[in-house]
Amino acid sequence: MLRLSPLLLGGVHRQTIMRCADNTGAMKVCVFGLGQNKRGTGKPGHLIRVSIRDKTPECTLGKTHKGMILRTKKEVRRKDGMNIKFDENAMVMIAKNKPVGSKIKGPTVLELGWNARNLCRYIF
């Protein structure tokens, strides 16, 4: 069986350090749980489990939390042929299918509304 390298697959993998893009107080997080597909890569809109690595003193979150991917360095190809990519990997914290923070910093992609329909009313 042909084994594909992670460089060809792209996206977010385990042990990826990401930036938290909301105002919960967490600054850097590390991904340890991806459950969307068999390749183990995450794209914008996928749900992940993260451990908080760096946070502000005002942050009241525990060590591990659930989150959703907002931006990736790997480009997202749209049906009209346009590729969209960002400078950093970013995510937002989620609890009970609602964002924990009240504001999201930075841009988001339109594909979030297709991948996470139950959360898009809080994000857009």
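Analysis parameters
Residues numbered from 1 in each chain as written. Predicted model: local features only at pLDDT ≥ 70, side-chain atom pairs only at ≥ 80, totals over all residues. Heavy atoms only, no water. UniProt positions renumbered as here; feature names shortened; annotations may be inferred. Helix = DSSP H or I, 4+ residues; strand = E, 2+ residues; numbered from the N terminus. Buried < 20%, exposed > 50% of the residue type's maximum accessible area, 1.4 Å probe, protein only. Contact = heavy atoms within 4.5 Å. Areas by Shrake-Rupley, 256 points an atom, 1.4 Å probe, with all protein chains shown as cover. Lys, Arg positive; Asp, Glu negative; His and termini not counted. Salt bridge = Lys/Arg side-chain N within 4 Å of Asp/Glu carboxyl O. Polar contact = N/O pair within 3.5 Å; in protein donor to acceptor, adjacent residues only side chain to side chain.

An unreviewed UniProt entry lists the protein chain under the name Ribosomal protein L14, from Vitrella brassicaformis. Here is the UniProt Sequence similarities (unreviewed entry) comment for the protein chain, exactly as written: "Belongs to the universal ribosomal protein uL14 family."

Enquirer: Go over the overall build of the protein chain with me, naming the residues and quoting the values.
Expert: Assigned secondary structure in the protein chain consists of three helices and eight strands. Each helix (α) and strand (β) of the protein chain, taken in turn from the N terminus, gives the series α-β-β-β-β-β-β-β-β-α-α. Counting the 124 residues in the protein chain, one finds 40% classified as buried. A separation of at least 24 residues holds for 51% of the contacts in the protein chain among residues at least 6 apart in sequence. Element-wise, carbon and sulfur atoms account for 52% of the exposed surface of the protein chain, whose accessible area totals about 8000 Å².

Enquirer: How would you sum up the side chain of Asp-22? Please name residues and give values.
Expert: As for its position among the elements, Asp-22 is in the loop between β1 (17-20) and β2 (26-34). Although Asp-22 lies buried, it forms no salt bridge, and the closest oppositely charged side chain, Lys-105, sits 6.8 Å away as judged by the N-O distance. Reaching out from Asp-22, the side chain makes a polar contact with the side chain of Thr-24 at a distance of 3.0 Å. Engagement of the side chain of Asp-22 in a polar contact is seen with the backbone nitrogen of Met-93, the distance being 3.1 Å. Not counting the four nearest positions on each side in its chain, Asp-22 is found in contact with Val-92, Met-93, Gly-101, Lys-103, Ile-104 and Lys-105.

Enquirer: An account of the environment of Gly-25 is needed here, citing residue identities and associated values.
Expert: Assignment of secondary structure puts Gly-25 in the loop between β1 and β2. When the C-alpha atoms of Gly-25 and Thr-60 are compared, they prove to be 7.8 Å apart, with 35 residues separating the residues in sequence. When residues no more than four places from it in sequence are discounted, the contact partners of Gly-25 are Lys-55, Thr-56 and Cys-59.

Enquirer: Describe the pattern of salt bridges, naming the residues involved and giving the relevant values.
Expert: Inspection of every chain in the model, using the stated rule, returns three salt bridges. The partner of Glu-88 in a salt bridge is Arg-71, and the shortest N-O contact between them spans 3.3 Å. Taken together, the residues Glu-88 in the loop between β6 (83-84) and β7 (90-95) and Arg-71 in strand β4 (residues 64-71) connect sequence positions 17 residues apart. Relative accessible area serves as the criterion here: at 3%, Arg-71 is assigned to the buried category. A salt bridge links Glu-75 to Lys-74; the shortest N-O distance between them is 3.4 Å.

Enquirer: Lay out the environment of Lys-85 with the relevant residues and their values.
Expert: On the secondary structure map, Lys-85 appears in the loop between β6 and β7. In this structure Lys-85 comes out as exposed when scored by relative accessible area, which is 57%. Spatially, the C-alpha atoms of Lys-85 and Glu-75 are 4.2 Å apart, while their sequence positions differ by ten residues. Those residues in contact with Lys-85 that lie beyond four places of it in its chain are Thr-72, Lys-73, Lys-74 and Glu-75.

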